[in-house]
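Listed here are the chains, written in short residue letters.
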Amino acid sequence: MNFTQLALVFLGGGIGASMRWLLSASAVRFLGTAFPAGTFAVNLIGCFLMGLVVEYWSCRLGLSANLRLFLTTGLLGGFTTFSSFALEAVLLGERGALALSVFYALGSLVLGLGAVVGGIALARAIAG
């Protein structure tokens, strides 16, 4: 680890976290708070982009280690957050919305894994 790597993660994480906040705040504004749609969308988008970045740009195009670090650990690490996901799932359950809590947790897991597979499949299709 060196200062350049730390700076790349710091910068990417700040950008990713800001993007997550903007999407989540917009979801609350337009959809309300009954379901954490913003974090749900962030997790799915982030998982898809992680699959795409890792498979296509890193493996196929030989992305530099520093740029890969910025995009994966920094930007997407700051953008996707399962800590928010876990808290929101618990809070849904505590509010008495147990079925919604289970749907949220299982939906995030299953669809997130599917999104990573989708990103990898798209990258492989693009690469031929």
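Residues numbered from 1 in each chain as written. Predicted model: local features only at pLDDT ≥ 70, side-chain atom pairs only at ≥ 80, totals over all residues. Heavy atoms only, no water.

Undergrad: In this structure, what is going on with the UniProt feature "binding site: Na(+)" (unreviewed entry) in the chain? I would like to understand it.
TA: The UniProt entry lists G77 and T80 under the feature "binding site: Na(+)" (unreviewed entry), expressed in the numbering used here. As for its position among the elements, G77 is in helix α3 (residues 65–79). Classification of G77 as partly exposed rests on a relative accessible area of 38%. Residue position: T80 is located in the loop between α3 and α4 (82–94). In this structure, T80 is in contact with R20, V42, N43, G46 and C47, ignoring residues within four places of it in sequence. One polar contact links the side chain of T80 to the main-chain carbonyl oxygen of L76, over a distance of 2.8 Å. (UniProt positions renumbered as here; feature names shortened; annotations may be inferred. Helix = DSSP H or I, 4+ residues; strand = E, 2+ residues; numbered from the N terminus. Buried < 20%, exposed > 50% of the residue type's maximum accessible area, 1.4 Å probe, protein only. Contact = heavy atoms within 4.5 Å. Polar contact = N/O pair within 3.5 Å; in protein donor to acceptor, adjacent residues only side chain to side chain.)

Undergrad: In this structure, what is going on with the packing of aromatic side chains? I would like to understand it.
TA: Aromatic rings in a pair are described by how distant their centres are and how their planes are angled relative to each other. Evaluation of the coordinates by the stated rule reveals six aromatic pairs. Here the aromatic rings of F35 and F103 are separated by 6.1 Å at their centres, their planes lie at 45 degrees, and the arrangement is tilted. In this pair, F35 is assigned in the loop between α1 (3–31) and α2 (37–60) and F103 in helix α5 (residues 98–127), connecting sequence segments 68 residues apart. Relative accessible area serves as the criterion here: at 49%, F103 is assigned to the partly exposed category. Between F40 and Y104, the ring centres sit 6.0 Å apart and the planes meet at 40 degrees, which makes this aromatic pair tilted. Of this pair, F40 sits in helix α2 while Y104 sits in helix α5; the two residues are 64 residues apart in sequence, bridging distant segments of the chain. Overall, Y104 belongs to the buried group, its relative accessible area being 0%. Among the aromatic side chains, those forming a connected cluster through ring pairs are F35, F40, F85, F103 and Y104. (Phe/Tyr/Trp six-rings, centres within 6.5 Å; stacked < 30°, edge-to-face > 60°.)

Undergrad: Teacher, can you tell me more about the pattern of salt bridges here?
TA: Pairing of side chains with opposite charge becomes possible as their charged atoms draw close. Within this structure, the stated rule accounts for one salt bridge. A salt bridge links E55 to R124, with the shortest nitrogen-to-oxygen separation between them at 3.1 Å. Of this pair, E55 sits in helix α2 while R124 sits in helix α5, placing them 69 residues apart in sequence. Taking the relative accessible area as the measure of exposure, E55 reaches 11% and is therefore buried. (Salt bridge = Lys/Arg side-chain N within 4 Å of Asp/Glu carboxyl O.)

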